[in-house]
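# What the coordinates show
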Amino acid sequence: MNEPAKKEQLVPDESQPQEQTLSKEKTLAEQAPPSYECRSCGYTYVPSKGDNQGNVAAGTLFTELSNDWRCPVCGVRKTQFINIGAQDAPSGFAENLDYGLGINRLTPSQKNILIFGALGLGFIFFLSLYGLN
Ligand code: FE
């Protein structure tokens, strides 16, 4: 007989604006300036690196680039780029950085190198067992 009351509790409380609760819970990668990828050639604009060929200083956001800026590889316009999120920031939350023996501080690409490097070393180790007589 309590079914209707339970269902009412499951409905999300819409009195609080959702944007405010979300902004407090942003990961480091969501707070960092996003990189943009060229849909035509795959070139990635990373704000921390800038663009040497186009005389764009490091630290310039993609949204701050002038509208006549072109892809340094294939020459398409800014509108052909898509937001792929921050590539050079840890993916977790700031309060979790000190856990995980320092691995939480690594960026996703650094974690990939760690994981697949360890797998490769393990594979080489097992192959080396053939050297035993
Ligand atoms: Fe391009």
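Residues numbered from 1 in each chain as written. Predicted model: local features only at pLDDT ≥ 70, side-chain atom pairs only at ≥ 80, totals over all residues.

## Notes on the overall build of the protein
When its secondary structure is counted, the protein shows 4 helices and 3 strands. Counting only residues that meet the buried cut, the protein has 8% of its 133 residues in that class. (Helix = DSSP H or I, 4+ residues; strand = E, 2+ residues; numbered from the N terminus. Buried ≥ 20, exposed ≤ 12 C-beta atoms within 10 Å, placed from the backbone.)

## Details of the pairing of strand E1 (residues 35–38)
The pairing of E1 with strand E3 (residues 81–85) spans 4 bridges and is antiparallel. Directly across from Cys38, in E3, lies its bridge partner Phe81. With 2 bridges connecting them, E1 and strand E2 (residues 44–45) associate as antiparallel partners. What sits directly across from Tyr36, in E2, is Tyr45. (Pairing = 2+ DSSP bridges.)

## Regarding the environment of Gly59
Positionally, Gly59 belongs in the loop between E2 and E3. For Gly59, a count of 11 C-beta atoms within 10 Å translates into the label exposed. Here the alpha-carbon distance between Gly59 and Pro33, two residues 26 residues apart in the chain, equals 9.0 Å.

## Points about helix H4 (residues 108–128)
Along its 21 residues, H4 runs 30 Å from first to last C-alpha, staying within 8% of the 30 Å computed at 1.5 Å per residue. When you tally the buried positions in H4, you get 0 out of 21 residues, a small fraction of the element. (Expected span 1.5 Å × (residues − 1).)

## As for unusual backbone geometry
What is expected of a backbone is that most residues other than glycine have negative phi and most peptide bonds are trans. In this model, Asn55 sits at a positive phi of 55°, which is unusual for a non-glycine residue. Tracing the backbone shows Asn55 in the loop between E2 and E3. Here the phi dihedral of Leu101 falls at roughly 55°; this positive angle occurs in a residue that is not glycine. Structurally, Leu101 can be placed in the loop between E3 and H4.

## Details of the sheet that holds E1
Strand order across the open sheet formed by 3 strands is E2-E1-E3, with antiparallel pairing between neighbours. Only two strands of the sheet have a single partner each, and these edge strands are E2 and E3.

## A word on the confidence of the model for the protein
In low-pLDDT regions, the fine details of the predicted coordinates are not to be read closely. Mean pLDDT for the protein: 83, with 82% of residues reaching 70 or above. Across the protein, the element-wise mean pLDDT spans from 50 in helix H1 (residues 3–10) up to 95 in H4. (pLDDT = per-residue confidence, 0-100.)

## Here's the deal with the environment of Lys78
If you trace the backbone, Lys78 turns up in the loop between E2 and E3. With 40 residues separating them in the primary sequence, Lys78 and Cys38 have C-alpha atoms 8.3 Å apart. For Lys78, the residues in contact, after removing those within four places along its chain, are Leu65, Asn67 and Trp69. (Contact = placed C-beta atoms within 7 Å.)

## Notes on the environment of Arg39
You can see Arg39 is positioned in the loop between E1 and E2. On a C-alpha basis, the gap between Arg39 and Val76 in space is 9.2 Å, while along the polypeptide they are 37 residues apart. Apart from the residues lying within four places of it in its own chain, the contact partners of Arg39 are Gln80, Phe81 and Ile82.

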